[in-house]
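# Commentary on secondary and tertiary structure
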Amino acid sequence: MSNRIALLDDITANRIAAGEVVERPASAVKELVENAIDAGATQILVQLEEGGKRLIEVADNGLGMDPEDAVLALQRHATSKIRTSDDLFAIRTLGFRGEALPSIASVCHLTLTTKSAGQSTGARISVHGGEIESVEEVGSRDGTVVAIEDLFFNTPARLKFLKSTATEVARAVEAVGQLAIAHPQISFRLRHGQQELFSTPGGGDPLGAMTAVWGRDVARKLIPIEHDTPGLCVSGFICTPETSRPGRSHELFFVNRRPIRSRLLGHALENAFRAFTPEGRYPIASVHIEMDPGMVDVNVHPTKTEVKFTRDGDVHHAVGEAIRGALMKYGIVPTMTTEWERGRGGESETQRRVGAALARPSAQTGLPGQDFDALARRAVEAFRPFDVQTGRQATDNDPFAWSSSQQPNIPASQSPNNPSTQLPDYPITQQPKPFSEQLRGFRVIGQAKKTYIIAITDDGLAVIDQHVAHERVLYERLTEKRAQMGAPAQRLTEPFTLALGAAEAGLLKQRLDDFAAAGWEIEPFGRESFLVRSVPSYASRHSHESLLRDMVDELAHQSVARRLIVQREHVTITNACKMAVKAGDPLTIEEMTGLLAQLADTENPYLCPHGRPIVVTIPFGDIDRKFKR
């Protein structure tokens, strides 16, 4: 035998797994906090030293474990969250692989102290580099405390690539902050050294959690979003468009309260905001999706931050509709401004705030790096959104002490239930005069580039894209007529034949009824040919054959490019788009005025069915500043 292939020992296998699960201290923090959430904790306290490189301690008041389960939890693939492979198709917990704890234990010195309710004593297990050194009986409170010391002590290559203390603290803040926003019913406290970086009230109010994590200024600009469809619910908050960031650090997405990264959802969010934020700026949003666990696969990546949806198109559409609906409800219309706040790219705002605080000279010595407590204190000042103590200061002997009732020892005057310390009700953006009324007051003065309608408003100038405005009008007419008796059609004296490719013909055969609802009378005429007898009356100025061909071609290729099943809604949108006036079509003042009057009668005069803005306003104030008035 050649013995070329050997079975890896458990410690080596765990260290390999740790390379996938634990990239940096923030990764370990995330895994431990998720375990605490799954254990039913209502209070979670995280203590860091040197950005987590020297110490990470996570304490919770969850269910705890008995000694036998605690030892077993340190074995690879041991978990309380699933039992059979069928459970993988209905994951309702944040963890389920049984890899995090043993993987972390293999690259640090780990101490696990735990006690379940009803037991007189708890257990303390010490692990060194993946090997259990001792199991002892100790007195402890209900719940679990996991302490990680000297992370990556036995993997120096991984330790070498860790960033500065400020960067690692910022990553931990982002990780815990996301979980705090996802679970506002849990009280979170995050400490670095002797200072508290942030704490959340844990009363179940999402605005309270976001205020603690993102600060008051952001909380004041939040707008609620909501969109319900069968089997899919989108909720959360977005910030008004003038509050943006130079990176995507504040684009948060949650599926069944699991923080995820998703290019699909990011595209839906940024596409809805495309007309409101300048190049290089990104929206602030917390988007929550609730759906049947069987419709989403979370078993894609060891970090569990990537998921796959069985209905990509529906999820993308629902998120976009939720955001556009919120913007429309609050009367937000794109405004052309002369200046935008610009920030440095390439690093998150959290990281910049911590880095700037830690970079300031020490208050005691005047020299950087001489007093770490002073540096940390300045870092805390960069994070703390308001100066309200949410718990007593920790002692050296018991940094996470609770009373026997499992509640933090908070003075009555500082209790979250005390009205004096309640988070304030932040005013949501005031709804202006209904936009439909504003539109009726527009006075058309001309057309630019045979594409844009120029009008004077009470507050400035308005630029209207004639194509997307007409597209909105036609879309709502087609939708309304379809719901009644079908869109008005014009009978052709001489029907024409349309020959298509295989993909286009297959699409049209499946959607003949939807085209009929839009005013097209089409019948099969051979294998890949069709006979067209009637066309929509709205399309009278266009070449009917090229118009229909373009629509079918776009729908067929859209379904391939976006992996969508083309639905009736897509057919209606495409019909409206292709039949609308185009950029370059000359219009008279009467035609432009009539188009704005029709737009004012629509339900959504802000955006076309594709989500593009219809009107951009230029306030007189901006024009005055340009002329230095």
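None of the values given here were measured: they were computed from a predicted structure. (Residues numbered from 1 in each chain as written. Predicted model: local features only at pLDDT ≥ 70, side-chain atom pairs only at ≥ 80, totals over all residues. Heavy atoms only, no water.)

## What to know about the overall build of the chain
As a reminder, the rule being used: The helix and strand labels rest on DSSP assignments: H or I over at least four residues marks a helix, E over at least two residues marks a strand, and numbering proceeds from the N terminus. The cut-offs for exposure are 20% and 50% of the maximum accessible area for each residue type, with area from a 1.4 Å probe on protein chains only; residues under the lower value are buried, those over the upper are exposed, and the others partly exposed. Under the convention used here, a 1.4 Å probe and the Shrake-Rupley method define accessible areas, while residue burial counts only the protein chains that appear.
In terms of helices and strands, the chain carries 20 helices and 24 strands. Evaluated residue by residue, the chain yields a buried proportion of 50% over its 629 residues. Total accessible area on the chain is roughly 30100 Å²; 49% of this is exposed by carbon and sulfur atoms.

## Some words on the pattern of salt bridges
Let me state the cut-off plainly: Any Lys or Arg side-chain nitrogen located within 4 Å of an Asp or Glu carboxyl oxygen qualifies as a salt bridge.
Counting across every chain of the model gives 18 salt bridges. Across the pair Arg220 and Asp217 runs a salt bridge, and its minimum N-O distance is 3.2 Å. The exposure class assigned to Asp217 is exposed, which follows from its relative accessible area of 61%. Because the salt bridges share partners, they merge into one network encompassing Glu49, Glu50 and Arg54.

## A short note on the sheet that holds strand E19 (residues 452–456)
Where we set the bar: In this analysis, strands are considered paired if DSSP registers two or more bridges between them. Lines fitted to C-alpha atoms define the axes here, with helix axes fitted over just the stretch in contact, and angles between the N-to-C directions of these axes take values from 0 to 180 degrees. By the convention used here, residues are in contact when the closest approach between their heavy atoms is within 4.5 Å.
Ordered in space as E18-E19-E20-E24, the four strands form an open sheet in which the pairing is antiparallel. If you trace the sheet from one side to the other, it starts and ends with strand E18 (443–448) and strand E24 (615–619), each paired once. Shown here is a sheet whose adjacent strand axes are inclined to one another by a mean of 25°, direction ignored. Pairing analysis gives five bridges linking E18 to E19, with the strands arranged antiparallel. The residue of E19 that forms the bridge with Gly446 is Ile454. Along the sheet face, helix H19 (residues 589–600) touches E18, E19 and strand E20 (460–465) and points at about 115° away from the line of E18.

## Examining the sheet that holds strand E23 (residues 529–536)
Strand order in the open sheet formed by three strands is E21-E23-E22, with antiparallel pairing between adjacent strands. Taken across any chain shown, the strands that pair with only one partner, and hence form the sheet edges, are strand E21 (489–499) and strand E22 (521–524). In this sheet, adjacent strand axes meet at a mean angle of 15° when their direction is disregarded. The pairing of E22 with E23 spans four bridges and is antiparallel. In the sheet register, Pro524 faces E23, and the bridge partner there is Phe530.

## A word on the pairing of strand E3 (residues 109–115)
Buried residues dominate E3, accounting for five of its seven residues. Where E3 lies against strand E4 (residues 122–128), six bridges are found, and the strand directions are antiparallel. The partner of Thr111 across the bridge, within E4, is Ser126. As consecutive antiparallel partners, E3 and E4 are separated by six residues, and within that stretch Gly118 has a phi angle of approximately 95°, a positive value.

## Comments concerning the packing of aromatic side chains
A ring pair, where both rings are aromatic, is described by two values, the distance of the centres and the angle of the planes. Counted only if it meets this: Each aromatic pair joins two rings of Phe, Tyr and Trp (for Trp, the six-membered one) with centres within 6.5 Å, and gets the label stacked for planes under 30 degrees apart, edge-to-face for over 60, and tilted for any other angle. Remark: a charge is flagged as sitting over a ring if the NZ atom of Lys or the CZ atom of Arg is within 6 Å of the ring centre and within 35 degrees of the ring normal.
One pass over the full model with this rule turns up zero aromatic pairs. In this arrangement the basic side chain of Arg158 is found over the ring face of Phe152, its NZ or CZ atom lying 5.8 Å from the centre.

## Here's the deal with the packing of helix H9 (residues 263–272) against helix H10 (residues 312–329)
The line we're drawing: We call two directions roughly parallel when the angle between them is under 35 degrees, roughly antiparallel when it is over 145, roughly perpendicular when it lies between 65 and 115, and oblique otherwise. Less than a right angle of anticlockwise turn of the near helix away from the far helix marks a crossing as left-handed, whereas a clockwise turn marks it as right-handed.
Packing of H9 against H10 brings their axes to within 9 Å, and their N-to-C directions diverge by 30°. Taken as axis vectors, H9 and H10 run roughly parallel relative to one another. Crossing geometry of H9 relative to H10 is assigned as right-handed. Across from Leu264, Leu265, His267, Ala268, Leu269, Asn271 and Ala272 in H9, the residues of H10 making contact are Asp312, Val315, His316, Val319, Gly320, Ile323, Arg324 and Leu327.

## Digging into unusual backbone geometry
We note that Glu50 has phi near 55°; this positive angle belongs to a residue other than glycine. Structurally, Glu50 can be placed in the loop between strand E1 (43–49) and strand E2 (55–60). Given the relative accessible area of 39%, Glu50 is considered partly exposed. One non-glycine residue with positive phi stands out, namely Phe152, at about 65°.

## Side note on the packing of helix H2 (residues 25–38) against helix H6 (residues 165–182)
Note the threshold: Gly counts as polar in this scheme, as do all residues outside two lists: the nonpolar Ala, Val, Leu, Ile, Met, Phe, Trp, Tyr, Cys and Pro, and the charged Asp, Glu, Lys and Arg.
Between H2 and H6, the shortest axis-to-axis distance is 8 Å and the interhelical angle comes to 25°. With respect to each other, H2 and H6 are oriented roughly parallel. Crossing hand, H2 versus H6: right-handed. In this structure, H2 uses Pro25, Ala26, Val29, Lys30, Val33, Glu34 and Ile37 to contact H6, whose residues at the interface are Glu168, Arg171, Ala172, Ala175, Val176 and Leu179. A breakdown of the residues in the contact of H2 with H6 according to their chemical character gives nine nonpolar, no polar and four charged.

## A few points about the state of the cysteines
Our working definition: A pair of sulfur atoms, both from cysteines and within 2.5 Å, is called a disulfide here.
Under the counting rule described, the total for this entry stands at zero disulfides. Looking at the unpaired Cys608, the closest cysteine sulfur is the one in Cys577, lying at 7.5 Å.

## Quick word on helix H7 (residues 206–214)
Here is the rule: Identification of polar contacts relies on pairs of N or O atoms within 3.5 Å, with a donor-acceptor requirement for protein atoms, meaning one able to donate a hydrogen and the other able to accept it, and with residues adjacent in sequence counted only if both atoms are side-chain atoms.
Among the nine residues in H7, seven count as buried, and that is most of the element. Inspection of H7 places Gly208, Ala209, Met210, Thr211, Ala212, Val213 and Trp214 among the buried residues, and these make up the whole buried set. The opening residue of H7 is Asp205, an N-cap whose side-chain oxygen sits 3.2 Å from the backbone nitrogen of Leu207. The first or second residue beyond H7 is Gly215, which carries a positive phi of 95°.

## Considerations on H2
The condition that has to hold: Working rule for helices: expected span equals 1.5 Å times residues minus one.
Between the first and last C-alpha of H2 there are 20 Å, a value that for 14 residues agrees with the 20 Å anticipated at 1.5 Å per step. Counting buried positions over the 14 residues of H2 gives 12, a clear majority of the element. Every buried residue of H2 is listed here: Pro25, Ala26, Ser27, Ala28, Val29, Lys30, Glu31, Leu32, Val33, Glu34, Ala36 and Ile37. A positive phi of about 80° marks Gly40, the residue just after H2.

## A look at the nonpolar core
Filter applied, for reference: Put simply, buried Ala, Val, Leu, Ile, Met, Phe, Trp, Tyr and Cys residues joined by side-chain atoms within 4.5 Å make one nonpolar core.
Ranked by size, the top nonpolar core spans 55 residues in total, and within it Val33, Ile44, Leu110, Ile148 and Phe188 carry the most contacts. At eight residues, the largest contribution of residues to this core is made by H6.

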